[in-house]
Amino acid sequence: MICFIAVVVIYITNQFLTERFTDTIRNRSEVRLALYVNNLMSELQRSSVVPQLLARDPELITALEDNDYSLSTARLLSFVDEIGAASLMLLDGDGRAVAATDRNRLGENHRNNPYFVNALRNSRTIYTTFRDEDNAYAFVYSRRIEAAGQTLGVIMVEVDASRLEQGWAGVSDAVLVTNSEGEIIMSTEPRWRGLNEEEALQRESAPSAIQRALRATQGWSAWTVDAYLEGEAVMRREARVPHHGWRMVSFTTYASVRERVNGILALEVMGFAILLAVLFGLLSRKTASRLVFFQRESAELRALNRRLQREIAQREKVEKTLEVAEQTIAQSSKLAALGEMSAAVSHELNQPLAAMKTYLAGARLLLQRKRPEEAMSSFQRIDDLLERMGAITRQLKSYARKGSEAFEPVDTRAAVSSALAMMEPQLKTRDINIIRTLPNEPVMIQGDRLRLEQVIINLLRNALDATKSKPDPQIEILLVEGDSVTLSVRDNGDGIADLDELFEPFYTTKQPGDGVGLGLAISSGIVNDLGGRLTAYNAATGGAVFEVQLPPLGKSMAAAE
């Protein structure tokens, strides 16, 4: 009777846990697939805006009008890292590549290619997918450049698809993207590209865990739950990509279901085994003739217990391994946020590097003139600059332990403090009065802390530049919470001369080489994405005031330019 109950309980437990763990894996797969789709759309949408901005770049327009492209390639190279595109290319009116981030492509003729022809025929940004000479897929946004009603050329921006595919590659997923005709155009397995899904699954794939699972289960749709328990089948998930009829498919293995179910079943078996051992011990007292039989059964049960303990130890080892892997993946996701702040820190490092070069040249000249005491003063200044660079890089390392791509509750006070910490190397170089007025209680919003800090750093940097000519520079930071969360950054500089064009791309009052005029345009876009608005005006007592208005946590607010 007890054995029958044990079989029934173990059977029911096996079915219940198998279904539950399978649902867990299915839900996680759906969440990952949704994230993959969002990342793909974010990359495509970000690249789609770039041609519109570059088509209005005055330097590129002047180069096309004067047929002087000596500085155009360098101009494109200055944008490519900030934009994050695979490549940028400038074509003249005849379709010839006159400037490109890949110098090997200079002089190529593209006049018959659809991305050039369609861009000339349309005033909007054109998207084109094509296969290049290496039989690889390229994803290009193009837009014509015109001035005074005359078409001068075309600007091309190629989406960096390889970075997306590397981000999809995981320990348990294989991902592919098909176009409207069902042809695979992006995939974690390069040998799948150019085929339809059925042909790709029949082709032998590279040796990895998920690809071996695909190769071993060509008929994945016909497998039953028992196949999942043995770790031989994969789960297929499909989602629509809102872009030209694309679809994304992911395959996830069920390899971990059996181990997790077995661990719990082992505990149940051990419990029933102990119960049987107790019953056998009681029955042994009733008859001496069955003593040997019960002793043998007891020994077998002990051996079974040892085997079960070994299985439990193995399960615990596997769980620890999975936990380490999850922590590694989480750290990699955090490091992705580091890229968003690297541009700002690299700007801070350029200044001490330029100063070090000047001091080294002066020290070399002083040593040649046999004036070592004065040369040592230059070396001391170089040492101070190295300390400053070290402080900047330590701030950068701290960002590797923060951030998340998804919106989450953010304390605006903490974001302001972190931004001031990042700006500390610049603030120390000048005797500037920082007035900070923050509430005593947390001021919470729903957003991305890293991107909010990027906006605050841009506003602080602009305030520093605006007060360079003032004998008593002052920056005031005021945070207020009401119907909206309002963050004001005010300086006592000369104010803003042209408020109408302030947030336009490439508009800047800085000297050439100090900036390209994208900081406020990018900051305005970030604030809009957070559901708020960024405004600027000149204060009545002098200086400029920038206000960031964001909806408090749990509320929404219409975005405005």
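Residues numbered from 1 in each chain as written. Predicted model: local features only at pLDDT ≥ 70, side-chain atom pairs only at ≥ 80, totals over all residues. Heavy atoms only, no water.

Chemist: Is there a simple way to explain the overall build of the chain in this structure?
Modeler: When helices and strands are tallied, the chain shows 16 helices and 16 strands. When burial is assessed residue by residue, the chain has 41% of its 561 residues classed as buried. Residue pairs in contact within the chain that sit at least 24 positions apart in sequence constitute 62% of those at least 6 positions apart. Accessible surface, the chain: about 30,500 Å² in total, of which carbon and sulfur atoms supply 52%. (Helix = DSSP H or I, 4+ residues; strand = E, 2+ residues; numbered from the N terminus. Buried < 20%, exposed > 50% of the residue type's maximum accessible area, 1.4 Å probe, protein only. Contact = heavy atoms within 4.5 Å. Areas by Shrake-Rupley, 256 points an atom, 1.4 Å probe, with all protein chains shown as cover.)

Chemist: It is not clear to me how the side chain of Glu197 should be interpreted in this structure. Could you clarify?
Modeler: One can find Glu197 in helix α6 (residues 197-202). Take Glu197: its relative accessible area is 17%, and that puts it in the buried class. The contacts of Glu197, once residues within four sequence positions are left out, are Gly182, Ile184, Arg236, Val249 and Phe251.

Chemist: Would you explain the nonpolar core in this entry?
Modeler: Soluble, globular proteins show a tendency: their nonpolar side chains are buried together. Judged by nonpolar contacts, the single largest core of 37 residues is most densely connected at Leu452, Ile456, Leu459, Leu460, Ile475, Phe546 and Val548. Considering each element in turn, this core owes the most residues, eight residues, to helix α15 (residues 449-466). Residues contacting Leu459, with those up to four places away along its chain left out, are Val489, Leu520, Leu534, Phe546 and Val548. (Core = buried A, V, L, I, M, F, W, Y, C linked by side-chain atoms within 4.5 Å.)

Chemist: Just checking my understanding: could you explain the side chain of His110 for this structure?
Modeler: Secondary-structure assignment places His110 in the loop between β2 (97-100) and α4 (114-121). Within polar-contact distance, the side chain of His110 engages the side chain of Glu108 at 3.2 Å. Those residues in contact with His110, other than ones at most four positions away along the chain, are Met89, Leu91, Gly95, Ala97, Arg105, Tyr115 and Phe116. (Polar contact = N/O pair within 3.5 Å; in protein donor to acceptor, adjacent residues only side chain to side chain.)

Chemist: Would you mind going over the environment of His244 with me for this structure?
Modeler: Counting through the fold element by element, His244 comes out in the loop between β8 (234-241) and β9 (246-253). Separated by 65 residues in sequence, His244 and Asn179 have C-alpha atoms that sit 7.4 Å apart. Aside from chain neighbours lying at most four places away, what touches His244 is Tyr127 and Ser180.

Chemist: Whenever I open this one, the environment of Val489 confuses me. Can you help?
Modeler: With respect to the secondary-structure elements, Val489 resides in strand β14 (residues 485-491). Judged by relative accessible area, which is 2%, Val489 ranks as buried. Between the alpha carbons of Val489 and Ile456 there is a distance of 8.5 Å; along the sequence they are 33 residues apart. When near neighbours in sequence (up to four residues on either side) are disregarded, Val489 contacts Leu459, Leu460, Ala463, Ile475, Glu476, Ala544, Val545 and Phe546.

Chemist: Sorry, what's going on with the sheet that holds strand β3 (residues 126-131) here?
Modeler: In sheet architecture, strand pairing relies on hydrogen bonds along the backbone and comes in two forms, parallel and antiparallel. One open sheet accounts for five strands, arranged β2-β1-β5-β4-β3; its pairing is antiparallel. The open sheet has two free edges, formed respectively by β2 and β3, since each of these has just one partner strand. Mean inter-strand twist for the sheet, computed between neighbouring axes without regard to direction, equals 25°. Bridge analysis of β3 against strand β4 (residues 137-147) gives six bridges, and the strand direction is antiparallel. What sits directly across from Thr128, in β4, is Val140. Lying on the sheet, helix α1 (residues 2-54) is in contact with β1 (87-92), β4 and β5 (150-158); it crosses β4 at an angle near 25°. Against the sheet, helix α2 (residues 58-66) engages β1, β4 and β5, with an angle of about 130° to β5. (Pairing = 2+ DSSP bridges. Axes fitted to C-alpha atoms, helices over the stretch in contact; angles between N-to-C directions.)

Chemist: Got a minute to help me understand the environment of Asn305 in this structure?
Modeler: Note that Asn305 resides in helix α10 (residues 291-336). Distance from Asn305 to Ala266, taken between C-alpha atoms, is 9.4 Å for residues 39 residues apart in sequence.

Chemist: What am I meant to see in the packing of aromatic side chains here?
Modeler: What describes a pair of aromatic rings is the distance from one ring centre to the other and the angle between the planes of the rings. Using the criterion set out here, one finds four aromatic pairs in the structure. Both rings, one in Tyr127 and one in Tyr141, keep their centres 5.1 Å apart while their planes meet at 55°; by these two values the pair is tilted. On the criterion of sequence distance, the pair formed by Tyr127 in strand β3 and Tyr141 in strand β4 is long-range, its members being 14 residues apart. Given a relative accessible area of 15%, Tyr127 falls into the buried group. A centroid spacing of 5.7 Å and a plane angle of 65° characterise the contact between Phe139 and Trp246, whose relative ring orientation is edge-to-face. With Phe139 in strand β4 and Trp246 in strand β9, this pair connects stretches of sequence that are 107 residues apart. (Phe/Tyr/Trp six-rings, centres within 6.5 Å; stacked < 30°, edge-to-face > 60°.)

Chemist: Would you mind going over a positive patch on the surface with me for this structure?
Modeler: A surface patch of like charges, here positive, comprises Arg302, Arg306, Arg307 and Arg310. Here Arg310 is to be found in helix α10. (Patch = residues over 30% accessible without salt bridge, like charges linked within 9 Å, V, L, I, M, F, W, Y side chains within 5 Å. Salt bridge = Lys/Arg side-chain N within 4 Å of Asp/Glu carboxyl O. Lys, Arg positive; Asp, Glu negative; His and termini not counted. Charge placed at Lys NZ, Arg CZ, Asp CG, Glu CD.)

Chemist: Please explain the pairing of β14 as it appears in this structure.
Modeler: Along any regular strand, the residues point their side chains to alternate faces of the sheet. Most of β14 sits inside the fold, with six of its seven residues counted as buried. Examined bridge by bridge, strand β13 (residues 474-481) and β14 share seven bridges and lie antiparallel to one another. Each bridged residue has a counterpart across the sheet, and for Val480 the counterpart in β14 is Thr486. Two elements, β14 and strand β16 (residues 544-550), share six bridges in a ladder whose sense is antiparallel. Bridge pairing in β16 links Thr486 to Gln549.

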